[in-house]
Amino acid sequence: MRVPFLDLQALYREDATAYDAAYRRVMDSGRWILGPELSGFEAAFARYCGRRHAVGVGNGLEALRLALLVAGIGPGDEVIVPAHTFIATWLAVQQCGATPVPVEPEEGYFNISAEGVRAALSPRTRAVIPVHLYGHCADGPALEALCASQGLVLIEDAAQAQGAGWGERRVGSFGALSAFSFYPGKNLGAFGDAGAVLTDDDALAHALRLQRNYGSSQRYAHDSLGTNSRLDEVQAAWLTVRLAKLDAHNARRARVAALYAQHLAGIPGLHLPRTAPGSQPAWHLYVVQTDKRQALQQYLQAQGIETLVHYPQPVYGFAPFAAYRPTPRTRSDAICEQVLSLPMGPHLSESQVMLVCEAVRHFFEAHP
Ligand SMILES: *Cc1c(COP(=O)(O)O)cnc(C)c1O
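So, here is what we can say about the structure in this document.

Rules used in this analysis
- Residues numbered from 1 in each chain as written.
- Predicted model: local features only at pLDDT ≥ 70, side-chain atom pairs only at ≥ 80, totals over all residues.
- Heavy atoms only, no water.
- Helix = DSSP H or I, 4+ residues; strand = E, 2+ residues; numbered from the N terminus.
- Rg over C-alpha atoms; globule rule 2.2 N^0.38 Å.
- Buried < 20%, exposed > 50% of the residue type's maximum accessible area, 1.4 Å probe, protein only.
- Contact = heavy atoms within 4.5 Å.
- Areas by Shrake-Rupley, 256 points an atom, 1.4 Å probe, with all protein chains shown as cover.
- Near = heavy atom within 4 Å.
- Nonpolar A, V, L, I, M, F, W, Y, C, P; charged D, E, K, R; others polar.
- Phe/Tyr/Trp six-rings, centres within 6.5 Å; stacked < 30°, edge-to-face > 60°.
- Lys NZ or Arg CZ within 6 Å of the ring centre and 35° of its normal.
- Core = buried A, V, L, I, M, F, W, Y, C linked by side-chain atoms within 4.5 Å.
- Polar contact = N/O pair within 3.5 Å; in protein donor to acceptor, adjacent residues only side chain to side chain.
- Pairing = 2+ DSSP bridges.
- Right-handed = clockwise from strand over helix to strand, strands pointing away.

### Remarks on the overall build of the protein chain
What the protein chain contains, in helices and strands, is twelve helices and 14 strands. A compact globule built from 368 residues would reach a C-alpha radius of gyration of about 21 Å, and the protein chain, at 21 Å, matches this within 12%. Buried positions account for 54% of the 368 residues belonging to the protein chain. Sequence-distant contacts in the protein chain: of pairs separated by 6 or more residues, those separated by 24 or more amount to 71%. Of the accessible surface of the protein chain, which amounts to about 15,400 Å², a share of 53% is contributed by carbon and sulfur atoms.

Right, here's the structure in full:
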């Protein structure tokens, strides 16, 4: 038995009739850009997250970049970002001409905390971008309170956390703006590239709609500068089908996480992910930590179990951002040497998860 890390075809096959019907509907409509499928998905996703507006855009990086842009962030501004994230969080800041300021994860967790952000503030800080990494919600209420008291713009990078929450609130409802990616492998994935920005602010939503479509509110009227970053009708139609399954898919992810937690507990040298009090994870990834990471990954690979490393370096470990590397060694450096993402997703059967657990146990018995 192979245990694939991800199986997008299986997800398609499971609901092929509904996806095929959505595709047919768009093809028969003859309308492929900025039509009723997009506005329908935007309304449904805004409602799901508890926001007034969702604006579909081309991908997650564009969602972040356009959120910063309409918030007025630009050259001379500092934006607080996690050291440990996917590079897109930093690239969006850099593409706006602003300066990313890294914050290390909170001790024992993967996300940044409000206290960590507070310690990194300077007179030039204008915005904070927490990432709900691996599907674990960062402390939205504490970050909102801090940003409100300091006059900072809070922008969520919610690319990995569709359906996650904190207390009674869902990811996508915190701060001024929330950026989502619907890259195929995310919890809510399209069949190609897509993204969205959510906000409660009518003026920001209007500015985003202009920005994504050449600064144009009406055809060939260009009152402002803009770009081309739209979410296609066919992707919106598929996303509408997939959104209706999101809670069920996330419940299956939570079941996988519960099995891992139950059957991998107590192995010396293996650290399981912790969930902060108040946080309801969407389990985008199940990330364990061990200083035998490479040997464990090779062992599992030989058993047909696919794993990945998210991520091999903090963002300042990559050449384009090397100038931002603090000295000496950081918490992110240590995390990046130890993390291993086990197979996770709605495609996994209980017997596949048990196979992974047995293999991990065997490995640690043989390498005490
Ligand atoms: C996937 C991801 C993005 C970027 O999304 P794309 O749609 O690939 O551009 C941004 N931030 C995080 C944390 C991500 O995981």
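Don't stop here, the text continues.
### With respect to the site of the ligand
If you check the shell around the ligand, you find Asn59, Gly60, Leu61, Thr85, Phe86, Ala88, Val131, Asp157, Ala159, Gln160, Ser181 and Lys186 and nothing else. Bound to the protein, the ligand loses 91% of the 380 Å² it would expose on its own. Here the residues of the shell around the ligand sort into five nonpolar, five polar and two charged.

### Remarks on the packing of aromatic side chains
This model, assessed by the stated rule, comprises 21 aromatic pairs. Relative to Trp238, the ring of Tyr23 lies with its centre 6.0 Å away and its plane at 10 degrees, an arrangement referred to as stacked. With a gap of 215 residues between them, Tyr23 in helix H2 (residues 16–29) and Trp238 in helix H9 (residues 233–263) connect regions that are remote in the sequence. Taking the relative accessible area as the measure of exposure, Trp238 reaches 16% and is therefore buried. Residues Phe110 and Tyr134 carry aromatic rings whose centres are separated by 4.8 Å and whose planes lie at 70 degrees to one another, so their mutual orientation is edge-to-face. Remark: Tyr134 occurs in the loop between strand E4 (125–128) and helix H7 (140–150) and Phe110 occurs in the loop between strand E3 (99–103) and helix H6 (114–119); sequence separation between them is 24 residues. Both residues of the pair, Phe110 and Tyr134, count as buried. Among the aromatic residues, ring-to-ring pairing joins Tyr12, Tyr19, Tyr23, Phe191 and Trp238 into one connected group. Cation over ring: Arg170 sits above Tyr48, and NZ or CZ is 3.8 Å from the ring centre.

### Points about unusual backbone geometry
Tyr311 follows His310 through a cis peptide bond whose omega is 10 degrees. Here Tyr311 lies in the loop between helix H10 (293–302) and helix H11 (331–338). For Leu34, which is not glycine, the phi torsion reads 45 degrees and is therefore positive. The partly exposed category is assigned to Leu34, whose relative accessible area is 24%. Of note in this structure, Trp283 is not a glycine but carries a positive phi near 45 degrees. When you line up the elements, Trp283 lands in the loop between strand E12 (279–280) and strand E13 (286–289). Note on Trp283: relative accessible area 11%, which makes it buried.

### Some remarks on the nonpolar core
Leu68, Val79, Ile129 and Leu177 are the most contacted members of the largest nonpolar core, which totals 31 residues. Contributions of two or more residues to this core are made by strand E1 (53–57), helix H4 (60–70), strand E2 (78–82), helix H5 (88–95), strand E5 (153–157), strand E8 (177–181) and helix H8 (202–212). For this core, the element with the most residues is H4, which contributes six residues. When sequence neighbours within four positions are dropped, the list of residues in contact with Val79 reads Leu68, Ile73, Val93, Ala98, Thr99, Pro100, Val101, Ala127 and Ile129. By size, the runner-up hydrophobic cluster in this structure holds 30 residues, among which are Ala158, Trp166, Phe180 and Leu198.

### With respect to the side chain of His310
If you trace the backbone, His310 turns up in the loop between H10 and H11. Among the residues examined, His310 registers a relative accessible area of 14% and is labelled buried. Reaching out from His310, the side chain makes a polar contact with the side chain of Ser341 at a distance of 2.7 Å. What His310 contacts, discounting residues up to four positions off in sequence, is Phe5, His84, Tyr134, Leu285, Val339 and Ser341.

### Focus on the pairing of E4
Looking at chain direction, E2 and E4 are connected through three bridges and run parallel. Across the sheet, the residue bridging to Glu78 is Thr125, located in E4. As judged from the two bridges shared by E4 and E5, these two strands associate in the parallel manner. Following the sheet pairing, Ala127 is matched in E5 by Val153. What joins E4 to E5 is H7, and the crossover it makes is right-handed.

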